[in-house]
Amino acid sequence: MESRIPDVDSASALLKEQHPTILWWLTERRDEFAARFGHDDLLEHSMDAAVLTLARVSMRHGSLSEDHHHYHDEIHPTALLGRLFRIYDSPRGSEIDTRERLYLAMFAGAHDLRQREGTDVGPDGVGANERGSADECRRIMDIAGFDRDTDADGYELITQMIHGTTFNLGFGPEADKWPLGALAPKLVEDLIDEHPDWQQRPELQRQIKLIPLASDVDTGSVADQFDDYALEATKLACEMQKRKGNGELDASTASGVLDFLTDGQERFFFELQQFNSDIARDVLTEAKEENSRRLKELTGWMRENYSKAAGDGHTTGEDVISAFLDKARAIAARDRKAAR
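Criteria and cut-off values
- Throughout this description, residue numbers start from 1 for each chain and increase along the sequence as written.
- A pLDDT threshold of at least 70 governs which residues receive local features in this predicted model, and a stricter bar of 80 or more applies before side-chain atom pairs are shown or counted, although totals over entire chains, interfaces and linings include all residues.
- Heavy atoms from the whole structure form the basis of all side-chain values; hydrogens and water molecules are not counted.
- Where helices and strands are cited, they refer to DSSP runs of H or I of at least four residues and of E of at least two residues respectively, numbered from the N terminus.
- Taken over C-alpha atoms, the radius of gyration is set against a globule rule of 2.2 Å times the number of residues to the power 0.38.
- For the exposure calls, accessible area comes from a 1.4 Å probe over protein chains only, and a residue counts as buried if that area is under 20% of its type's maximum, exposed if over 50%, partly exposed in between.
- Throughout, a contact is declared for two residues whenever any of their heavy atoms are within 4.5 Å.
- Positive charges come from Lys and Arg, negative ones from Asp and Glu, while His and the chain ends are left out of the count.
- Just so you know, the charge point we use is NZ for Lys, CZ for Arg, CG for Asp and CD for Glu.
- In this scheme Phe, Tyr and Trp rings, the latter by its six-membered ring, pair at centre separations within 6.5 Å, and the angle between planes marks the pair as stacked below 30 degrees, edge-to-face above 60, and tilted otherwise.
- Placement of a positive charge over a ring is assigned whenever Lys NZ or Arg CZ falls within 6 Å of the ring centre and within 35 degrees of the normal to the ring plane.
- What is meant by a nonpolar core is a set of buried Ala, Val, Leu, Ile, Met, Phe, Trp, Tyr and Cys residues, joined one to another through side-chain atoms within 4.5 Å.
- Side-chain atoms alone can form a polar contact between residues adjacent in sequence; in general such a contact is a pair of N or O atoms within 3.5 Å, and within protein one must be able to donate a hydrogen while the other accepts it.
- As used here, the arc belongs to the directions running from the helix axis to the C-beta atoms.
- The term salt bridge refers to a pairing of a side-chain nitrogen on Lys or Arg with a carboxyl oxygen on Asp or Glu at a separation within 4 Å.
- Axes here refer to lines fitted to C-alpha atoms; in helices the fit is confined to the stretch in contact. Angles between the N-to-C directions go from 0 to 180 degrees.
- Angles below 35 degrees are treated as roughly parallel, those above 145 as roughly antiparallel, those between 65 and 115 as roughly perpendicular, and all remaining angles as oblique.
- With the far helix as reference, a near helix turned anticlockwise by less than a right angle produces a left-handed crossing, and one turned clockwise produces a right-handed crossing.
- Three residue categories are used. Nonpolar comprises Ala, Val, Leu, Ile, Met, Phe, Trp, Tyr, Cys and Pro, charged comprises Asp, Glu, Lys and Arg, and polar comprises the others, including Gly.

As a further point, take the overall build of the protein chain. Summing up its helical and strand segments, the protein chain has 13 helices and two strands in all. Whereas a compact globule of 340 residues would reach a radius of gyration of roughly 20 Å, the protein chain reaches 20 Å, a difference of no more than 12%. The dimensions of the protein chain, computed from C-alpha atoms along their principal axes, are 60 × 50 × 45 Å. Looking at the protein chain as a whole, 51% of its 340 residues qualify as buried. Contacts in the protein chain between residues far apart in sequence, at least 24 positions, make up 72% of those at least 6 positions apart. When the 41 positive and 65 negative side-chain charges of the protein chain are each reduced to one mean point, those points stand 4 Å apart.

Written out as structure tokens, the structure is:
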């Protein structure tokens, strides 16, 4: 894929032809950013990196690929950017400076560049997909005009933010070596242990602030509008089934899909996901807590109505997903109406 889309010009041409809305959206964001914060080289380099990243994602495992991942495609980064905008619009947003916002935007686009690197976890706890994504992002930064000497702190920041999104589900032979959930808190802990003078080093202060914030934004669907959260969950359910070799969600997938959308969602929501940065915790916790009762209502309804049906040989995985989404949208609509 890197050889197929080797530079910004080829990436721009691809997006202009296949995804003009995405290219327009990126251009609008760049112009808004320039109007608010000023125009400089970092903004242009970041824009070029975003164009190259999204083009490669769309071709590798996005909507332009024969290996389309329903969740980890070129649309996924826009959800992270939406959460970042919510944080920027909050009282805590002033704590994130213009340079940090650009690096966070690059992180959002690049953190899932690679999804087929295997399940191996390195001795530092970093997953193969995250390591591969960070390595490719560094090469993209080279192409986009960054300099490995002048911008060394930025390269390291992006690498650490992507590494921190490694997510331990508690499965596998070495899973117990690492904390459950995102690796980001462990990376921050290691940085503080290795650098007792971190409070006197601005580049380390920035890493310690942004590594956990980046992973929180990645898992922050728990604080999205509830129907958006449900849609994200169903996309991941489809992707997981496809990776198991189930191209169509027929009756054989119904039980697995139901388990993921009930037990799996509850485990993610209540056990594995947590906000590790003070900023995300302050901005997003209330919305997550509001969604917690909605999720309990939804999963309870799904079990009551589909536990038997999922094994009847007629109900399909697609039926389970449709019911999950319909009920989630009804719950969200009811609560929005009640809040008026």
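Read on for the rest.
Here we take up the packing of aromatic side chains. Overall, the coordinates contain nine aromatic pairs when judged by the stated rule. Taking the centre distance of 6.4 Å and the plane angle of 40° together, the rings of Tyr-103 and Phe-146 count as tilted. Of this pair, Tyr-103 sits in helix α5 (residues 98-110) while Phe-146 sits in the loop between α6 (128-144) and α7 (152-163); the two residues are 43 residues apart in sequence, bridging distant segments of the chain. Pair check on accessibility: Tyr-103 and Phe-146 agree, each one buried. A ring pair is formed by Phe-167 and Phe-268, whose centres lie 5.9 Å apart and whose planes are at 55°; its orientation type is tilted. With Phe-167 in strand β1 (residues 167-168) and Phe-268 in helix α11 (residues 254-272), the pair connects residues that are 101 residues apart, well separated along the chain. Each residue in the set Phe-226, Tyr-229, Phe-269 and Phe-270 is aromatic and connected to the rest through ring pairs, giving one cluster. Here the basic side chain of Lys-288 rests over the ring of Phe-269, its NZ or CZ set 5.2 Å away from the ring centre. Of note, Lys-288 hangs over the ring of Phe-275, and the distance from its end group to the ring centre comes to 5.9 Å.

Moving on, we come to the nonpolar core. Counting 94 residues, the largest nonpolar core has Tyr-103, Leu-104, Ile-158, Met-161, Leu-213 and Leu-261 as the members making the most contacts within it. When residues no more than four places from it in sequence are discounted, the contact partners of Ile-158 are Tyr-103, Met-106, Phe-107, Cys-137 and Met-141.

Mapped onto the elements, Arg-92 comes out in the loop between α4 (76-88) and α5. Among the polar contacts listed, one links the side chain of Arg-92 to the side chain of Glu-95, at a separation of 2.5 Å. Within the structure, Arg-92 has its side chain in polar contact with the side chain of Asp-282 (distance 2.2 Å).

Glancing now at the environment of Gly-154. Note on placement: Gly-154 falls in helix α7. The exposure class of Gly-154 is buried, given its relative accessible area of 5%. Sequence separation between Gly-154 and Glu-100 is 54 residues; the distance between their C-alpha atoms is 9.3 Å. If near-sequence neighbours (up to four positions away) are discounted, Gly-154 is found in contact with Tyr-103 and Met-141.

Below, the discussion takes up helix α8 (residues 184-194). Those residues of α8 not exposed but buried are Ala-184, Leu-187, Val-188 and Leu-191. Buried residues of α8, viewed axially, fall in a sector of 100°; they line one side. Packed against the buried residues of α8 are α7, β2 (181-182) and α9 (202-218).

This part covers the pattern of salt bridges. A complete count under the given rule lists 32 salt bridges for this structure. In this structure, the salt-bridge partner of Arg-201 is Asp-197, at a minimum N-O distance of 3.9 Å. Owing to a relative accessible area of 33%, Asp-197 belongs among the partly exposed residues under this scheme. Residues joined in a network through salt bridges with shared partners are Glu-2, Arg-56, Arg-60, Arg-114, Glu-117, Glu-136 and Arg-139.

What follows is about the packing of helix α12 (residues 278-306) against helix α13 (residues 317-339). Close contact between α12 and α13 brings their axes to 10 Å; oriented N to C, the two are set at 140°. On the basis of the axis angle, α12 is oblique to α13. In this structure, α12 crosses over α13, and the sense of that crossing is right-handed. Within the contact between the two elements, α12 uses Arg-293, Arg-294, Glu-297, Leu-298, Trp-301, Met-302 and Tyr-306 and α13 uses Asp-319, Val-320, Ala-323, Phe-324, Lys-327, Ala-328, Ile-331, Arg-334 and Asp-335.

Below, the discussion takes up the packing of α5 against α7. Relative orientation of the contacting elements α5 and α7 amounts to 45°, with a least axis distance of 10 Å. One finds that α5 runs oblique with respect to α7. The element α5 and its partner α7 pack so that their crossing is right-handed. Two secondary-structure elements touch here, α5 through Tyr-103, Leu-104, Met-106, Phe-107 and Ala-110 and α7 through Gly-154, Leu-157, Ile-158, Met-161 and Ile-162. Taken together, the residues of the contact of α5 with α7 sort by class into nine nonpolar, one polar and no charged.

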